[in-house]
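# Notes for the structure review
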Amino acid sequence: MHFLDQAKIYLKSGAGGPGAVSFRREKYIEYGGPDGGNGGKGGDIIFEAVPGLNTLIDFRYAQHFKAKRGNHGQGKDRTGAAAPDLVIKVPVGTQVLSEDREEVLADFTEVGQRVTFLEGGMGGRGNASYKSATNRAPRQHQPGEPGEEMWVWLRLKLLADVGLVGLPNAGKSTFINAVTNARAKVGHYAFTTLIPKLGVVRHKGREFVIADIPGLIEGAADGAGIGDRFLGHIERCRVLIHLIDIAGDDPAEAMRIVQDELAAYGAGLEDKPQLIALNKLDLADEELGKAFAEELIAGGADKVFTVSGATGEGIEELMDAVLGYLPDRTATETNAAEVEETDEGDGEWSPI
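Described below are features of the structure shown in this document. It should be emphasised that the depicted structure is a prediction, and the values quoted were computed from it without experimental measurement.

## A look at the packing of helix α2 (residues 172–179) against helix α5 (residues 315–323)
- The contact between α2 and α5 brings their axes to 12 Å, and the two run at 80 degrees. If you check the angle between α2 and α5, you find them roughly perpendicular. Here Phe175, Ala178 and Val179 of α2 come into contact with α5, specifically with Ile315, Leu318 and Met319.

## Some words on the nonpolar core
- Membership of the largest hydrophobic core comes to 38 residues, with the highest contact counts inside it found for Leu11, Phe47 and Phe59.
- When residues of this core are traced back to their parent elements, those giving at least two are β1 (6–12), β2 (45–50), β4 (86–91), β7 (114–118), β8 (149–156), β11 (206–212) and α3 (251–265).
- Every residue in contact with Phe47, bar those within four places of it in the chain, is listed here: Ile9, Leu11, Ile88, Val90, Val96, Phe108, Gln113, Arg114, Val115, Phe117 and Leu154.

## Considerations on the environment of Tyr130
- Structurally, Tyr130 can be placed in the loop between β7 and β8.
- Taking the C-alpha atoms as reference points, Tyr130 and Gln140, 10 residues apart in sequence, are found 7.5 Å from one another.

## So, the packing of aromatic side chains
- Under the defined criterion, the tally for this structure stands at four aromatic pairs.
- Considering the side-chain rings of Tyr10 and Trp151, the 5.3 Å spacing of their centres and the 55 degrees angle between planes classify their relative orientation as tilted. Of this pair, Tyr10 sits in strand β1 while Trp151 sits in strand β8, placing them 141 residues apart in sequence.
- Judged by relative accessible area, which is 11%, Tyr10 ranks as buried.
- On the accessibility criterion, Trp151 (31% relative accessible area) is partly exposed.
- Members of the aromatic cluster, connected to one another through ring pairs, are Phe47, Phe108 and Phe117.
- A cation sits over an aromatic face here: Arg101 above Trp153, 3.6 Å from the ring centre.
- Looking at Arg125, its charged tip hangs above the ring of Tyr130, at a distance of 4.1 Å from the centre.

## Digging into the sheet that holds β1
- Pairing within the open sheet is mixed, and its five strands lie in the order β3-β1-β8-β5-β6. Either end of the sheet is taken by a strand with one partner, and the two such strands are β3 (64–66) and β6 (104–107). Each strand axis lies, on average, 30 degrees off the axis of its neighbour in the sheet, ignoring direction.
- Pairing geometry for strand β5 (residues 94–97) and β6, over three bridges, is antiparallel.

## Concerning α5
- Three or more residues of α5 are buried, namely Ile315, Leu318, Met319, Val322 and Leu323. Taken around the axis of α5, the buried residues stretch over an arc of 150 degrees, which confines them to a single face.

## Describing the pattern of salt bridges
- Applying the stated criterion across every chain, the model contains 13 salt bridges.
- Here Lys8 makes a salt bridge to Glu99, at a shortest N to O gap of 3.4 Å. Of this pair, Lys8 sits in strand β1 while Glu99 sits in the loop between β5 and β6, placing them 91 residues apart in sequence.
- The partner of Lys280 in a salt bridge is Asp245, and the shortest N-O contact between them spans 3.4 Å. Of this pair, Lys280 sits in the loop between β13 (274–279) and α4 (286–298) while Asp245 sits in strand β12 (residues 239–245), and the two are 35 residues apart along the sequence.
- Overlapping salt bridges bring together Lys204, Glu316 and Asp320 as one network.

The rules we used
Residues numbered from 1 in each chain as written. Predicted model: local features only at pLDDT ≥ 70, side-chain atom pairs only at ≥ 80, totals over all residues. Heavy atoms only, no water. Axes fitted to C-alpha atoms, helices over the stretch in contact; angles between N-to-C directions. Helix = DSSP H or I, 4+ residues; strand = E, 2+ residues; numbered from the N terminus. Parallel < 35°, antiparallel > 145°, perpendicular 65-115°, else oblique. Contact = heavy atoms within 4.5 Å. Core = buried A, V, L, I, M, F, W, Y, C linked by side-chain atoms within 4.5 Å. Buried < 20%, exposed > 50% of the residue type's maximum accessible area, 1.4 Å probe, protein only. Phe/Tyr/Trp six-rings, centres within 6.5 Å; stacked < 30°, edge-to-face > 60°. Lys NZ or Arg CZ within 6 Å of the ring centre and 35° of its normal. Pairing = 2+ DSSP bridges. Arc of directions from axis to C-beta. Salt bridge = Lys/Arg side-chain N within 4 Å of Asp/Glu carboxyl O.

Next comes the structure, spelled out in structure tokens:
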């Protein structure tokens, strides 16, 4: 499945059906009077967050969404049928933005969340509703209110508990493969990860989601490399794991570059808790790891973990630290929760 996290779509709710102009015509009834019914209501545009989706790829092939118009009224005081609502299903984490992307119009953070975004037009009045003592045979009616229309942007922010950041070739793909079943692509060159990857970590009876985003380079905020467009997927993370290549030229400089890009992006990323981890410990000795850790602490890190995504060394201690930033139940654990069975009686079935 291709990954797409932004899409521009056109929305239009249904117009109301027109009212009818009709007069009662029956044998032996000389003055039947008006009996034109009202028109039906137009369909609403509704967004609904559903499970099982993690991309907006469907909106690449369908950009126009128009609800149906309400049916027109009919004689014998029959009201036209209301049009069905048009429900647009989006992944959890989707935001609906105005056309200029300046305003967030809706934010979907929970499965099953529904928002009536555009309301359909009301049906027009039929001539029966205009009948009065002084207007016994009205012929006026209403055509029905028009629907609402607008262009909006959809922006997907993947919902993860932990975000994985670092320079290209910091070993993020190897790391996420070691702690989850994400099966991220691994290669000995920069930018092997081109789109965000999600994986579920199971550690000491807990479950949480970790997100790996493409590597950042200096100037990413200005569009260098892949840029910073994927940083939006870690805005809602509770903690960030900052991986640094222990075999790189200057780990302290690597940490500074990523920190500067997070600050340049804003959205509170620079203030999120970070766990600094020196990765690829299998390519260096313990003494070198301690020396680099001291440099990183001098550069502003509170604590430095030394890990190896290839061998698994140090990962358990790092995951223990992650658990301290998680709530009592993560979204993954809540969705997977099973109803506990109560043990009542002696276990034998009874119809009473």
